[in-house]
Amino acid sequence: MKKSFGLRIFVLAVSVITLSVFLCSCGKNVPASEVTGVDSLPGKVIGTQLGTVGDIYASDYIEQGSVIKQYNKGADAVMALKQGKVDCVIIDNEPAKKFVNLNSDISILDEEFTNEEYAICIAKNNDELLNDINSALAQLKADGTLADIISNYIGDDTGNTPYVSPEGISRNGTLIMATNAAFEPYEYVQDGVIVGIDADIAQAIADILGKELVIQDMEFDSIITAVHSGKADFGAAGMTVTEDRLKNINFSDSYTTAKQVILVRNGNAAGGGFISKEKFKANFVDDNRWQYITKGLFTTLRISFFAVIIGVILGFLIAIIRFTCDKNGKGKIINSICKFYITIIRGTPAMIQLLIIYYVVFASSNIDAVAVATIAFGLNSSAYLAEIVRAGISSIDNGQFEAGRSMGFSYVQTMRYFILPQAVRNVLPALGNEFIVLLKETSISGYIGIRDLTRGGDLIRSRTYDAFMPLIAVALIYLFMVIILEKCVGQLERRLKNDGK
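The residue numbering used here restarts from 1 in each chain and proceeds along that chain's sequence as written. Per-residue local features of the predicted model are confined to residues with pLDDT of at least 70, and side-chain atom pairs are confined, for both listing and counting, to 80 or more; whole-chain, interface and lining totals are unaffected and use all residues. Water and hydrogen atoms play no part in the side-chain values, which are based on all heavy atoms of the structure.

**Q** I'm lost on the pairing of strand β9 (residues 187-190) in this one. Help?
**A** Side-chain direction in a regular strand flips from residue to residue, so the side chains alternate between the two faces of the sheet. At least two bridges found by DSSP between two strands are what make those strands a pair. Each helix corresponds to a stretch of at least 4 residues labelled H or I by DSSP, and each strand to a stretch of at least 2 residues labelled E; elements are numbered beginning at the N terminus. In this structure, strand β8 (residues 182-183) lies alongside β9, joined through two bridges in antiparallel fashion. What sits directly across from Phe183, in β9, is Glu187. For β9 and strand β10 (residues 193-195), the ladder comprises three bridges, and the chain directions are antiparallel. From the neighbouring strand, Gln190 faces β10, where its bridge partner is Val193.

Following this line, the structure appears as structure tokens:
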């Protein structure tokens with residue numbers, strides 16, 4: 001067995017090295033974009049960040065033959081541009097500058113796409129907070145604090161005037177801000193902390209209102225949902241007021257103006273390949289970015305561990321109830337409820353279940369997002385485990401039940417001491433496979449603002465704009481965990497077989 005496990009690790013290492021060398025050798029310079037301005041957008045493939053103003057306005061070109069490809073993050077859209085998957089990217093000017101500074105093969109066209117104004121979003125029924133935020137913004141504009149915050153991140157005074165909260169503030173309660181920390185310089189992660197223009201403005205507002213600021217990082221298109229459902233008090237992420245958004249949310253007064261620009265390939269060679277010491281340093285060493293991976297890994301393991309416990313307990317309970325009801329012909333109501341539960345859980349995607357539980361079931365609760373994810377994945381796994389275990393119980397000959405009962409054991413004792421041990425041994429490979437699926441499914445936890453392993457890789461990509469190394473690192477960690485889990489299940493399976501002889 002040791003040789004087999006060691007061989008797997010060796011094959012894995014060789015495969016990764018071979019793949020890396022192949023990718024590096026296959027890298028080629030993608031031709032410059034044919035997009036030269038707004039007039040040349042019809043008929044082109046346009047990349048956008050989902051839910052942004054650029055995404056909304058770009059959709060107008062669909063009738064003119066354009067294809068719109070939407071990405072969850074601006075960095076992903078830029079990577080698609082670099083690889084020739086899209087002809088251009090429409091994005092905000094300041095993040096676009098960051099992309100251009102780190103990628104020599106892309107440029108910003110001189111012609112602007114559109115102008116916009118950023119504002120803070122607040123729930124429709126929260127007029128009191130809306131008035132408070134507008135009053136705070138007016139104060140920040142009047143005393144020059146707002147201008148100082150913006151100039152600290154944009155312009156010639158960058159880094160000269162960082163915002164610092166005044167001392168002696170009496171705080172009563174919290175303000176929860178929803179954002180997408182992949183939009184430098186407005187919000188991004190540095191040394192594990194969300195910083196940027198919006199973060200500083202939110203802190204200044206919290207200082208004026210005497211509140212403790214809590215920032216929740218999530219996907220951009222989840223921000224309005226979080227505010228609307230009450231999971232966050234307000235949202236700030238370089239967000240523009242639009243008619244469609246006003247149907248579901250209110251906006252504060254504008255706090256800054258911005259513009260949408262068009263990013264294109266300029267035909268220059270990107271250079272550097274997929275792997276280099278410089279890229280490794282930028283992705284994992286600088287600003288201790290390796291901690292995003294390690295902390296995310298711990299969160300993933302925590303969610304997976306407790307979700308497995310929930311799934312096993314609930315799954316075994318449902319399986320026993322269903323088998324008993326089918327066997328005795330009784331308990332039709334509870335059996336129907338279990339069948340309905342299994343159908344619903346297995347018939348809907350895990351991500352949809354996660355979002356419903358977070359934004360609907362626990363909408364009015366301040367329960368921790370990690371706890372919500374644990375419950376969601378535990379419930380999802382229980383439905384599959386229930387059917388696996390039920391199949392295992394059904395595979396046991398009925399004579400085993402009769403033998404147990406004839407020896408004076410009760411139904412529960414017979415099930416516990418005779419049937420379940422044999423059933424588990426029969427379905428252990430399937431159980432192990434379900435645990436592996438559960439582990440990998442937790443990668444969607446970032447949709448409700450959890451910094452899991454996958455989200456850790458996303459945070460690195462949002463700062464370095466390098467897709468290859470963070471994604472490969474995350475993939476290898478998942479693969480290594482699966483191999484370890486397979487080894488443990490295999491050892492347990494052999495042990496149970498030996499015990500059964």
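**Q** Teacher, can you tell me more about the packing of helix α11 (residues 290-328) against helix α14 (residues 369-394) here?
**A** Pairs of packed helices are described in terms of their axes, by the angle between the two and the distance that separates them. Structural elements are reduced to axes, namely lines fitted to C-alpha atoms, with helices fitted over the stretch in contact, and the angle between N-to-C directions of any two is expressed from 0 to 180 degrees. Remark: α11 packs on α14, axes separated minimally by 5 Å, with the N-to-C direction vectors making an angle of 40°. Overall, the two elements α11 and α14 adopt an arrangement that is oblique. For α11 against α14, the interelement crossing comes out right-handed. In this classification, the charged set is Asp, Glu, Lys and Arg, the nonpolar set is Ala, Val, Leu, Ile, Met, Phe, Trp, Tyr, Cys and Pro, and all remaining amino acids, among them Gly, are polar. Along the lines of polarity and charge, the residues of the contact of α11 with α14 split into 20 nonpolar, seven polar and five charged. Oblique is the label for every angle not falling under 35 degrees (roughly parallel), over 145 degrees (roughly antiparallel), or within 65 to 115 degrees (roughly perpendicular). Helix crossings fall into two classes, left-handed where the near helix is turned counterclockwise from the far one by less than a right angle and right-handed where it is turned clockwise.

**Q** What is the right way to read the packing of aromatic side chains from this model?
**A** Aromatic rings considered in pairs are described by the distance between their centres and by the relative angle of their planes. We call Phe, Tyr and Trp rings a pair once their centres come within 6.5 Å, taking the six-membered ring for Trp, and we label the pair stacked below 30 degrees between planes, edge-to-face above 60, and tilted otherwise. Summed over the entire model, instances satisfying the criterion amount to eight aromatic pairs. With 5.1 Å between their ring centres and 80° between their planes, Phe305 and Phe306 make a pair best called edge-to-face. Accessible area is worked out with a 1.4 Å probe on protein chains only. A residue is then buried under 20% of its type maximum, exposed over 50%, and partly exposed in between. Using a relative accessible area of 51% as the deciding quantity, one classes Phe305 as exposed. In this analysis the charged atom, NZ for Lys or CZ for Arg, is taken to sit over a ring once it is within 6 Å of the ring centre and within 35 degrees of the ring normal. The ring of Tyr358 carries Lys231 above its face, with NZ or CZ at 4.6 Å from the centroid.

**Q** When you look at the sheet that holds strand β6 (residues 121-122) in this model, what are you seeing that I'm missing?
**A** For sheets, the rule is that strands pair by backbone hydrogen bonds, running either parallel or antiparallel. On the basis of which strands lie adjacent, the open sheet formed by five strands has the order β11-β7-β12-β6-β13 and mixed pairing. Where the open sheet ends on each side, the last strands, each with one partner, are β11 (212-217) and β13 (250-251). The sheet contact formed by β6 and β13 spans two bridges and is antiparallel. Bridging from a neighbouring strand, Cys121 pairs with Phe251 of β13.

**Q** Could you clarify how one ought to interpret unusual backbone geometry in this entry?
**A** Note on backbone geometry: most residues besides glycine have negative phi, and most peptide bonds are trans. Residue Glu184 is joined to Pro185 through a cis peptide bond whose omega torsion reads 10°. The topology assignment puts Pro185 in the loop between β8 and β9. In this model, Asp287 sits at a positive phi of 55°, which is unusual for a non-glycine residue. Tracing the sequence through the fold places Asp287 in the loop between α10 (277-285) and α11. Using a relative accessible area of 33% as the deciding quantity, one classes Asp287 as partly exposed. The phi dihedral of Asn288 is positive, around 55°, even though this residue is not glycine. The exposure class assigned to Asn288 is partly exposed, which follows from its relative accessible area of 39%.

**Q** I'm lost on the nonpolar core in this one. Help?
**A** Nonpolar side chains in soluble globular proteins generally cluster together in the buried interior. By size, the foremost hydrophobic cluster in this structure holds 34 residues, and its most contacted members are Ile223, Phe377 and Ile448. For this core, the secondary-structure elements that each account for two or more residues are β7 (174-179), α8 (223-229), α11, α13 (350-361) and α14. The element contributing the most residues to this core is α14, with six residues. Here, residues are in contact when the closest pair of their heavy atoms is within 4.5 Å. Ignoring anything within four residues of it in the chain, the contact list for Ile448 reads Leu354, Leu355, Tyr358, Ala369, Val372 and Ala373. Throughout this description, the term nonpolar core refers to a set of buried Ala, Val, Leu, Ile, Met, Phe, Trp, Tyr and Cys residues connected via side-chain atoms within 4.5 Å. Membership of the second largest hydrophobic core comes to 30 residues, among which are Leu137, Ile154, Leu175 and Ala258.

**Q** What exactly am I supposed to notice about the layout of surface pockets here?
**A** Empty space left among the atoms is revealed by rolling a probe the size of a water molecule over them. Estimated volume of the second largest pocket: approximately 370 Å³. Think of a 1 Å grid over the protein atoms and nothing else: a 1.4 Å probe that fits but is trapped marks a cavity, an open set flanked by protein within 12 Å on at least five of seven lines marks a pocket, and residues with an atom within 4 Å of a point count as lining. If you trace the second largest pocket, you find 19 residues lining it, with Gln216, Tyr358, Ile367, Asp368 and Ala369 closest to the centre. Counting only elements with at least two residues in the lining of the second largest pocket, the list comes to β11, α11 and α14. Counting residues per element, the lining of the second largest pocket draws most heavily on β11, which supplies four residues. Of the residues assigned to the lining of the second largest pocket, the class counts are nine nonpolar, five polar and five charged. Grid points are joined across faces, edges and corners, and a volume is the space filled by probe spheres set on the points.

**Q** Honestly, the packing of α13 against α14 in this entry has me stumped. Any pointers?
**A** Contact geometry of α13 with α14 gives a least axis separation of 9 Å together with a crossing angle of 135°. It follows from the interaxial angle that α13 and α14 lie oblique. Crossing angle aside, the handedness with which α13 passes α14 is right-handed. Along the contact surface, α13 presents Ala350, Gln353, Leu354, Ile357 and Tyr358, while α14 presents Ala369, Val372, Ala373, Ala376, Phe377, Leu379 and Asn380. Grouping the amino acids of the contact of α13 with α14 by side-chain chemistry returns 10 nonpolar, two polar and no charged.

**Q** Would you mind going over the pairing of strand β5 (residues 114-118) with me for this structure?
**A** What you see with β5 is a clean split: Thr114, Glu116 and Tyr118 sit on the buried side and Asn115 and Glu117 on the side with no burial. Pairing analysis gives five bridges linking β5 to strand β14 (residues 256-265), with the strands arranged antiparallel. Directly across from Tyr118, in β14, lies its bridge partner Thr256.

**Q** Would you take a moment to explain a nonpolar patch on the surface for this structure?
**A** Taken together, the side chains of Phe305, Phe306, Ile309 and Ile313 make up a nonpolar region of the molecular surface, amounting to roughly 410 Å² of accessible area. Here Ile313 shows up in helix α11. The patches described consist of residues with a relative accessible area above 30% and no salt bridge, like charges being joined within 9 Å and nonpolar side chains (Val, Leu, Ile, Met, Phe, Trp, Tyr) within 5 Å. The method behind every accessible area is Shrake-Rupley, applied with a 1.4 Å probe, and residues are considered shielded solely by the protein chains displayed. Salt bridges are defined by distance alone: a side-chain nitrogen of Lys or Arg within 4 Å of a carboxyl oxygen of Asp or Glu.

**Q** Help me understand the side chain of Glu94 in this model?
**A** Mapped onto the secondary structure, Glu94 falls in helix α4 (residues 93-102). By relative accessible area, Glu94 is classed as buried at 13%. If we ignore the near neighbours within four places in the chain, the residues touching Glu94 are Ile154, Glu184, Pro185 and Tyr186.

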